[in-house]
Number of protein chains: 4
Amino acid sequence: MPQNPNVSPLAPHPPGLRPWQARLHEVIFEADTPAGKAFDVALLVTILLSIVVVMLESVASIRQTYGRFLYGAEWLFTILFTIEYALRLACVSRPARYARSFFGVVDLLAIVPTYLSLVVVGSQSLIVIRAFRLLRVFRVFKLSRYLSEGRAIVLALKASQRKITVFLVTVLTVVLIIGAAMYLIEGPQHGFTSIPVAVYWAVVTMTTVGYGDIAPQTVPGQALAAVVMILGYSIIIVPTGIFSVEIAVERLRGASTQACPSCSAEGHDVDARYCKYCGTRL
Amino acid sequence: MPQNPNVSPLAPHPPGLRPWQARLHEVIFEADTPAGKAFDVALLVTILLSIVVVMLESVASIRQTYGRFLYGAEWLFTILFTIEYALRLACVSRPARYARSFFGVVDLLAIVPTYLSLVVVGSQSLIVIRAFRLLRVFRVFKLSRYLSEGRAIVLALKASQRKITVFLVTVLTVVLIIGAAMYLIEGPQHGFTSIPVAVYWAVVTMTTVGYGDIAPQTVPGQALAAVVMILGYSIIIVPTGIFSVEIAVERLRGASTQACPSCSAEGHDVDARYCKYCGTRL
Amino acid sequence: MPQNPNVSPLAPHPPGLRPWQARLHEVIFEADTPAGKAFDVALLVTILLSIVVVMLESVASIRQTYGRFLYGAEWLFTILFTIEYALRLACVSRPARYARSFFGVVDLLAIVPTYLSLVVVGSQSLIVIRAFRLLRVFRVFKLSRYLSEGRAIVLALKASQRKITVFLVTVLTVVLIIGAAMYLIEGPQHGFTSIPVAVYWAVVTMTTVGYGDIAPQTVPGQALAAVVMILGYSIIIVPTGIFSVEIAVERLRGASTQACPSCSAEGHDVDARYCKYCGTRL
Amino acid sequence: MPQNPNVSPLAPHPPGLRPWQARLHEVIFEADTPAGKAFDVALLVTILLSIVVVMLESVASIRQTYGRFLYGAEWLFTILFTIEYALRLACVSRPARYARSFFGVVDLLAIVPTYLSLVVVGSQSLIVIRAFRLLRVFRVFKLSRYLSEGRAIVLALKASQRKITVFLVTVLTVVLIIGAAMYLIEGPQHGFTSIPVAVYWAVVTMTTVGYGDIAPQTVPGQALAAVVMILGYSIIIVPTGIFSVEIAVERLRGASTQACPSCSAEGHDVDARYCKYCGTRL
């Protein structure tokens with residue numbers, strides 16, 4: 001999640017940067033100037049192309065025909081992204097901080113697999129981690145608004161965190177018990193070869209995915225399965241209700257953006273006439 | 001979505017129309033007069049019949065027996081709709097505007113495939129685009145109320161648009177990563193023949209559809225699949241919560257915008273005749 | 001839905017009934033007296049048993065062993081229910097009104113199939129219509145509260161009716177179009193044998209049921225399927241949001257049960273100080 | 001659900017306990033002191049390990065290699081849990097009350113199956129009941145807050161209990177009817193071998209699980225199935241709406257019950273220090 005953009009887009013250039021660094025920083029890290037926006041759009045297109053290349057390379061028939069071309073393209077993108085990573089390190093005042101940030105780690109992980117593929121076979125597919133870089137898309141158009149939307153979702157999730165933890169732990173416990181019961185009822189001859197497999201079946205059923213690769217065949221097994229389905233179908237309402245209410249609370253709080261003239265506290269209700277923290281008339 | 005009916009049903013006839021045009025306009029475009037309503041109902045029945053004909057024609061056994069009859073019916077409907085389209089063009093004051101409107105485009109697309117089928121084989125099935133014409137059903141009974149309901153949904157979707165974009169982009173990114181991981185874990189021998197196929201599997205699983213045509217067979221694969229299922233099962237709550245709150249906001253806003261003339265309080269119910277705070281007549 | 005119990009349980013006996021009719025009415029139609037409650041519980045148990053008998057009779061292995069016994073039990077229950085139906089007709093003041101009510105029709109449909117099975121083979125299975133009689137369960141314990149809960153659900157559904165109609169018509173139109181498109185893309189050789197079958201597939205996929213009996217096998221087909229899944233997965237939020245808000249409105253309205261001392265109007269907001277209809281202070 | 005922890009973590013030691021009992025009680029039943037917390041964490045790890053042992057033991061290939069070791073570990077855990085159960089009984093003032101409490105029963109059920117397996121073959125798998133002991137996890141970190149969250153969910157479920165009962169009874173009735181109808185339409189030759197099996201199919205379809213082990217193959221069967229799917233897909237909104245509203249009511253009630261000492265206004269936020277209507281200090 002793009003919570004921590006390295007610098008606010010409207011902040012002045014970080015002190016301690018030389019002119020060329022400040023210039024570069026503006027282009028690479030910000031999306032307000034035409035050059036910055038053009039760079040971000042070009043970057044996104046490049047990322048998308050590099051993902052398409054990896055995906056196509058995994059299709060046997062395409063690899064046989066265009067394998068060489070795709071291999072070349074793959075290395076081209078990796079070198080481009082390596083240069084970009086180096087430039088990013090070069091133009092921030094605190095490179096270590098960027099390298100440890102969410103996007104810093106992702107930017108590094110996006111180039112490592114290709115180099116790694118020279119040593120370990122197959123690690124190339126990990127390049128799809130590049131997909132995380134697509135989250136930069138939020139930076140291109142009205143960055144701050146999208147970021148605050150994401151923050152609202154995160155806040156509501158945090159507020160309902162404890163209720164949802166209680167809910168998830170209970171669900172996982174139930175799935176374990178039901179899996180073991182099905183293992184006893186149906187047994188290995190009907191596809192429930194072990195308790196882990198039966199627990200896998202319980203998750204498949206409870207989440208209403210229902211592959212059908214394993215399905216109960218005895219009458220008691222089908223009866224228990226029916227109970228699990230209705231349970232799984234029903235309990236989705238619990239986290240939905242909890243989260244909806246938190247989003248509503250978040251939204252209402254956001255509605256009033258009035259700050260107290262005396263203590264500058266925010267978060268007042270829409271119908272509040274006095275600051276609830278210091279008692280000053282709003 | 002029927003957002004843009006060409007003319008409000010209660011508006012006077014557009015100026016610049018000759019009497020026969022105005023008459024025709026009333027019958028074809030409006031649903032208030034008995035003639036207008038009868039025309040709309042007849043049109044809906046005809047559209048439904050023409051869709052049934054196309055569907056039946058695609059069933060091999062029925063085509064062999066009634067093929068000729070269905071072919072004739074198909075052309076009959078197409079000619080009827082062509083005449084209707086010509087009349088619509090003839091009785092509006094600005095034909096170009098109608099032709100570019102949502103229903104104008106749909107009306108054209110509804111007749112083109114049959115003519116096209118004389119040239120391109122199979123394009124006939126596109127006639128089902130006619131189904132979009134069924135949206136005219138909202139015009140028959142209490143048009144404006146249904147339209148405003150549709151508008152409320154659209155407004156709430158627009159208000160939650162940014163939050164849902166953030167949500168969808170994140171989901172798609174996760175689906176890409178998980179697909180690549182499963183391709184590495186399960187490999188082509190278990191049905192995950194390429195990354196695009198594995199991503200398709202991730203979508204099938206995350207949305208809890210679960211066809212079962214591709215299913216993980218190794219223990220780590222099943223473990224990751226279980227995580228994906230619980231993730232997919234859980235995250236539906238995020239857009240649900242967001243949208244519910246927007247619908248609530250929309251609904252409350254729609255309640256009333258009337259302010260009390262005496263105490264200026266707002267938020268009165270639609271059916272309120274007196275201010276609920278100070279008792280003044282609204 | 002048990003909206004229309006023939007008589008309110010607390011109402012005095014309908015006029016025009018002879019003493020034995022009034023007595024019988026109290027036992028059969030009401031659940032307040034010990035005799036009335038005992039009758040209702042006995043009736044529910046009998047209904048459940050008769051449904052179990054029909055279900056067991058359909059299992060081949062059980063039918064071969066206990067066929068005669070089950071056939072006898074079936075006729076016993078039918079005769080009991082026929083007597084009950086006759087008594088119900090005998091002890092109400094307006095038999096025709098009861099016969100046309102929801103439960104009157106269900107009570108008749110519950111006995112007809114057995115007699116019909118003497119003429120038409122297989123119609124016996126329709127006896128499961130008896131299951132509808134189980135809705136009488138709400139009468140046994142705290143009738144009126146459960147009825148009012150059911151009414152709250154019905155009211156909220158009615159309030160969101162138009163929005164949900166707009167939603168459903170749009171969904172069905174989309175399903176038709178997508179079905180036709182998949183028929184063109186995948187074709188009969190991949191299981192999409194006709195447009196009706198393809199539309200069936202579209203419904204199976206959009207509702208996230210996903211049997212897997214028909215599944216896309218070409219790349220464009222799988223891509224379109226992925227879009228349909230995400231669409232189906234997402235749009236469930238629309239009616240959920242709409243209905244949740246209506247339930248909330250219904251619930252809040254129910255919160256304040258204060259009646260206006262002047263005009264007796266109800267449905268005031270919790271924070272209302274004056275009647276919103278006549279302006280009297282509450 | 002962990003509603004009834006034997007003693008509040010902050011309460012003084014129950015009277016009538018000898019010093020060593022009080023000491024033991026503090027370690028075993030409470031999680032505030034370092035020793036108590038360490039005991040709880042160790043207990044959770046032991047429970048998790050014992051569950052992993054049972055699950056691994058059910059996998060044929062692992063059992064063949066490590067069978068003896070797992071059997072030994074199983075008995076080791078059982079003896080440890082037996083000692084723990086005995087100590088718990090020894091250090092509470094009212095052992096019978098603990099033995100009848102939720103966790104008391106679970107603690108006993110967690111050790112019985114191993115001893116039982118000496119007599120009955122296969123009963124060993126019931127050991128997974130130990131999973132319920134994992135609910136003790138809520139005791140480790142901020143016990144009381146998690147417990148109150150669980151209580152909020154339970155309260156909201158209780159408040160919506162009647163509405164959800166009405167909903168579930170109606171759904172089950174519909175499932176019975178639809179199952180019988182599908183048995184008549186599709187018949188044993190298409191997999192609907194009996195009414196119970198057809199009802200199982202109806203549950204699988206209505207909850208959108210959709211295994212695909214049984215699927216309609218005739219046109220009327222597929223049409224009815226499509227209706228069932230849209231029904232099942234839609235009705236999830238009913239309990240979701242009901243429960244969301246109850247959670248909202250619960251949440252608002254929890255907000256604050258404090259009234260302003262000056263103007264008696266209520267509905268203040270939990271963190272409010274001044275009345276938001278008149279500015280008086282709360």
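Residues numbered from 1 in each chain as written. Chains lettered and ligands numbered in written order. Predicted model: local features only at pLDDT ≥ 70, side-chain atom pairs only at ≥ 80, totals over all residues. Heavy atoms only, no water.

Chemist: Can you lay out the overall build of chain A for me, pointing to particular residues and giving the numbers?
Modeler: Helix and strand counts for chain A come out as twelve helices and zero strands. Reading the helices (α) and strands (β) of chain A from amino to carboxyl end gives α-α-α-α-α-α-α-α-α-α-α-α. The buried share of chain A, reckoned over its 282 residues, is 51%. Counting contacts in chain A only where the partners sit at least 6 residues apart, residues at least 24 apart contribute 53% of the total. When the accessible surface of chain A is totalled, it reaches about 12900 Å², and 67% of it is carbon and sulfur. (Helix = DSSP H or I, 4+ residues; strand = E, 2+ residues; numbered from the N terminus. Buried < 20%, exposed > 50% of the residue type's maximum accessible area, 1.4 Å probe, protein only. Contact = heavy atoms within 4.5 Å. Areas by Shrake-Rupley, 256 points an atom, 1.4 Å probe, with all protein chains shown as cover.)

Chemist: I'd like a description of the nonpolar core, backed by residues and values.
Modeler: Grouped together as the largest cluster of nonpolar side chains are 254 residues, with contacts concentrated most on Trp201 of chain A, Trp201 of chain B, Trp201 of chain C together with Trp201 of chain D. Each residue touching Trp201 of chain A, except ones within four places of it in the same chain, is listed here: Ile178, Met182, Phe192, Ile214, Ala215, Pro216 and Ala225 of chain A together with Tyr211 of chain D. (Core = buried A, V, L, I, M, F, W, Y, C linked by side-chain atoms within 4.5 Å.)

Chemist: Can you break down the relation of the copies chain D and chain C residue by residue, with the values?
Modeler: Overlaying chain D with chain C gives an RMSD of 0.1 Å, the required rotation being 90° about an axis along which the chain moves by 0.0 Å. What the superposition gives is, in effect, a four-fold axis relating one chain to the other. Taken together, the interface assignments show that only 18% of the residues at the interface of chain D recur at the interface of chain C, consistent with different surfaces on the two copies. (Least-squares fit on C-alpha atoms with pLDDT ≥ 70 in both.)

Chemist: Please set out helix H9 (residues 161-186) of chain D residue by residue, giving values where relevant.
Modeler: The end-to-end C-alpha distance of H9 of chain D is 36 Å, a good match for the 38 Å that 26 residues give at a rise of 1.5 Å each. Following H9 of chain D by one or two positions, Gly187 of chain D adopts a phi angle in the positive range, close to 80°. (Expected span 1.5 Å × (residues − 1).)

Chemist: Explain a nonpolar patch on the surface residue by residue, including any values.
Modeler: All names here are of chain A. Together, Tyr71, Leu108, Val112, Leu116, Leu118, Val119 and Val120 give the surface a local cluster of nonpolar side chains, amounting to about 620 Å² of exposed area. One can find Leu108 in helix H5 (residues 102-109). Residue class for Leu108 comes out partly exposed when judged on its relative accessible area of 36%. (Patch = residues over 30% accessible without salt bridge, like charges linked within 9 Å, V, L, I, M, F, W, Y side chains within 5 Å. Salt bridge = Lys/Arg side-chain N within 4 Å of Asp/Glu carboxyl O.)

Chemist: Before we move on, could you go through the interface of chain D and chain C and cite the residues and values that matter?
Modeler: Each partner contributes residues to the interface: chain D has 44 residues there, and chain C has 47 residues. Each partner contributes to the roughly 3900 Å² buried at the junction of chain D and chain C, and carbon and sulfur atoms together form 75% of this total. It is Arg162, Tyr233 and Ile237 of chain D that lose the most area in chain D upon contact with chain C, and together they represent 19% of the buried surface on that side. For the pair chain D and chain C, the number of links is zero salt bridges. Within the residue set of the side of chain D that touches chain C, elements represented by two or more residues are H9, helix H10 (195-206), helix H11 (219-235) and helix H12 (237-255) of chain D. With twelve residues, H9 of chain D is the largest single contributor of residues to the side of chain D that touches chain C. Taken together, the residues of the side of chain D that touches chain C sort by class into 27 nonpolar, 13 polar and four charged. (Buried area = accessible area lost by both parts, 1.4 Å probe. Nonpolar A, V, L, I, M, F, W, Y, C, P; charged D, E, K, R; others polar.)

Chemist: Break down the packing of helix H1 (residues 19-29) of chain D against helix H2 (residues 34-57) of chain D for me, citing the residues and quoting the values.
Modeler: Residues and elements named next belong to chain D. Orientation of H1 relative to H2, taken along the N-to-C sense of each, is 50°, at an axis distance of 6 Å. Here H2 runs oblique to H1, going by the angle between their axes. Residue-level inspection shows Glu26, Val27 and Ile28 of H1 in contact with H2, the latter providing Ala35, Gly36, Phe39 and Asp40. Partitioned by chemical class, the residues of the contact of H1 with H2 number four nonpolar, one polar and two charged. (Axes fitted to C-alpha atoms, helices over the stretch in contact; angles between N-to-C directions. Parallel < 35°, antiparallel > 145°, perpendicular 65-115°, else oblique.)

Chemist: Pulling in residues and values, what's your account of the environment of Leu56 of chain A?
Modeler: Residue and element names in this part refer to chain A. When you line up the elements, Leu56 lands in helix H2 (residues 34-58). Sequence separation between Leu56 and Leu70 is 14 residues, and the spatial gap between their C-alpha atoms is 8.1 Å. Among residues more than four places away in sequence, those in contact with Leu56 are Ile62, Arg63 and Leu70.

Chemist: Please set out unusual backbone geometry residue by residue, giving values where relevant.
Modeler: Backbone geometry at Thr208 of chain C places phi at a positive 60°, although glycine is not the residue there. By secondary structure assignment, the location of Thr208 of chain C is in the loop between helix H10 (195-206) and helix H11 (219-235).

Chemist: Could you give me a rundown of the pattern of salt bridges, with the residues and numbers involved?
Modeler: It is possible for side chains bearing opposite charge to pair when their charged atoms get close. Residues and elements named next belong to chain B. As enumerated under the stated definition, the model contains eight salt bridges over all chains in all. For Arg88, the salt bridge is made with Asp107, and the minimal N-O distance between the two is 3.7 Å. Highlighted residues: Arg88 in helix H3 (residues 60-91) and Asp107 in helix H5 (residues 102-109), separated in sequence by 19 residues. Exposure class is identical for Arg88 and Asp107. Each is buried.

Chemist: So, the packing of helix H2 (residues 34-57) of chain B against H3 of chain B: which residues are in play, and what are the values?
Modeler: Each pair of packed helices can be described by the angle between their axes along with the distance between the axes. Residues and elements named next belong to chain B. Two elements in contact, H2 and H3, have axes whose closest approach is 9 Å; the angle formed by their N-to-C orientations is 145°. Seen from above, H2 lies across H3 with left-handed handedness. Where H2 approaches H3, its residues Phe39, Leu43, Thr46, Ile47, Leu49, Ser50, Val53, Val54, Leu56 and Glu57 are matched on the opposing element by Ile62, Arg63, Leu70, Tyr71, Ala73, Glu74, Phe77, Leu80, Phe81, Glu84 and Arg88. Per-class residue counts for the contact of H2 with H3 are 14 nonpolar, two polar and five charged. (Left-handed = near helix turned anticlockwise from the far one by under 90°.)

Chemist: Explain the side chain of Ser244 of chain A to me, using residue names and the numbers behind them.
Modeler: Following the sequence through the fold, Ser244 of chain A ends up in helix H12 (residues 237-255). Aside from chain neighbours lying at most four places away, what touches Ser244 of chain A is Thr240, Gly241, Ser244 and Val245 of chain B together with Ser244 of chain D.

Chemist: Give me the lowdown on the environment of Leu80 of chain D, citing residues and values where you can.
Modeler: In this structure, Leu80 of chain D sits in helix H3 (residues 60-91). Considering only alpha carbons, one finds Leu80 of chain D and His25 of chain D, 55 residues apart in sequence, at a separation of 17 Å.

Chemist: An account of the side chain of Thr46 of chain D is requested, with residue identities and associated values reported.
Modeler: Residue and element names in this part refer to chain D. Mapping Thr46 onto the fold places it in helix H2. On the basis of relative accessible area, Thr46 is assigned to the buried category, the value being 18%. Setting aside anything within four residues of it in sequence, one finds Thr46 in contact with Phe77, Leu80 and Phe81.

Chemist: Quick rundown of the packing of aromatic side chains? Include the residues and the values.
Modeler: Aromatic ring pairs are defined here through the distance separating the ring centres and the angle between the ring planes. One pass over the structure, following the stated rule, counts 20 aromatic pairs over all chains. When the ring of Phe102 of chain C is compared with that of Phe103 of chain C, the centres are 5.2 Å apart and the planes differ by 70°; the resulting orientation is edge-to-face. The class of Phe103 of chain C is buried, set by a relative accessible area of 6%. Here the aromatic rings of Tyr85 of chain D and Tyr98 of chain D are separated by 6.1 Å at their centres, their planes lie at 45°, and the arrangement is tilted. Highlighted residues: Tyr85 of chain D in helix H3 and Tyr98 of chain D in helix H4 (residues 95-100), separated in sequence by 13 residues. Each member of the pair, Tyr85 of chain D together with Tyr98 of chain D, is buried. One aromatic cluster is present, built from ring pairs that chain together Phe29, Tyr85 and Tyr98 of chain A. Between Arg88 of chain C and the ring centre of Phe29 of chain C, over which it is positioned, the NZ or CZ distance is 5.0 Å. (Phe/Tyr/Trp six-rings, centres within 6.5 Å; stacked < 30°, edge-to-face > 60°. Lys NZ or Arg CZ within 6 Å of the ring centre and 35° of its normal.)

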